Amino acid sequence: MKQYIKVSHQYQKKSRKSWIDFDNYYSDNCYHSSLPIIFEKKRKNIIDIGTNTAKFSISALKYDNDVKCSLIDLEGQIELAKQNIEYNHFSDRVDYFSMNILDNDSKLPDNCDVVWMSQFLDCFSIEQIKFIMRKVKAVSNKDTDIFILEPLWDKQQHLSAAFSIQATSLYFTAIANGSSKMYPYKLLIDTIEGEGFKLVNEYHRIGNTYHSLLNFKMLV
């Protein structure tokens, strides 16, 4: 039994590492292109929704010595993010909020001027995206910038890239949740704007060329 537990634990660690490596692969190379856009204006506090391993927040904290970050994710991910934040000595500039954003009672912190979501909304169905954006709206004002980083399949330079991103939807359908997918540009834009936001800037093929950075503001 002890041997089984040890082997099982090893496989859990390997599976976790494989998932994190896969997830980060698609976004890490975009941060160096995204940060100058985000910090065109002085920022005070960034809400990182779906922080995962906190790689983006760590990049932002390194980019600007004054900015603070609020990290949002499930409890297990927050613990992992916290380890990475502490390792990089940024604990004094980070707040942690462990929550399931789909819970009716969960609330986002309201002291932000930037909301960041990287490869987060594609993990949810259209109705769930609407629900999440209503939560974002509740803590936003006319000056809040919402930045959404997504690999939109119909904004790819090559058809093979579009096909590969569409095929990733099989993961969501068969393994993750059965309700979300990699979204096309117009569907995602229409869904977000339908909840009281306006697309004000868009940047395509940034970083490693197949991501889009979408900048929304709340309608007032």
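## Observations regarding the confidence of the model for the protein
Then, number 1: Mean pLDDT over the protein stands at 88; residues scoring 70 or higher make up 87%.
Then, number 2: Here residues 1–11 scores under 50 on pLDDT; set against residues more than four positions off or in separate chains, the count is zero contacts.

## What about the packing of helix α2 (residues 31–38) against helix α3 (residues 55–63)?
Then, number 1: Between α2 and α3, the shortest axis-to-axis distance is 11 Å and the interhelical angle comes to 55°. If you check the angle between α2 and α3, you find them oblique. The element α2 and its partner α3 pack so that their crossing is right-handed. Of the residues in α3, those in contact with Y31, L35, P36 and I38 of α2 are K55, F56, S59, A60 and Y63.
Then, number 2: Per-class residue counts for the contact of α2 with α3 are seven nonpolar, one polar and one charged.

## Notes on the sheet that holds strand β4 (residues 114–118)
Then, number 1: With respect to topology, seven strands assemble into an open sheet ordered β3-β2-β1-β4-β5-β7-β6, the strand pairing being mixed. The sheet is open, and its two edges are formed by β3 (94–98) and β6 (197–206), each paired on a single side. Each neighbouring strand pair of the sheet contributes to a mean axis angle of 20°, computed without reference to strand direction.
Then, number 2: Set on the sheet, helix α8 (residues 185–193) makes contact with β5 (145–150), β6 and β7 (211–218); between it and β6 the angle comes to about 150°.

Here is what the cut-offs are and how they apply
- Residues numbered from 1 in each chain as written.
- Predicted model: local features only at pLDDT ≥ 70, side-chain atom pairs only at ≥ 80, totals over all residues.
- Heavy atoms only, no water.
- pLDDT = per-residue confidence, 0-100.
- Contact = heavy atoms within 4.5 Å.
- Axes fitted to C-alpha atoms, helices over the stretch in contact; angles between N-to-C directions.
- Helix = DSSP H or I, 4+ residues; strand = E, 2+ residues; numbered from the N terminus.
- Parallel < 35°, antiparallel > 145°, perpendicular 65-115°, else oblique.
- Left-handed = near helix turned anticlockwise from the far one by under 90°.
- Nonpolar A, V, L, I, M, F, W, Y, C, P; charged D, E, K, R; others polar.
- Pairing = 2+ DSSP bridges.

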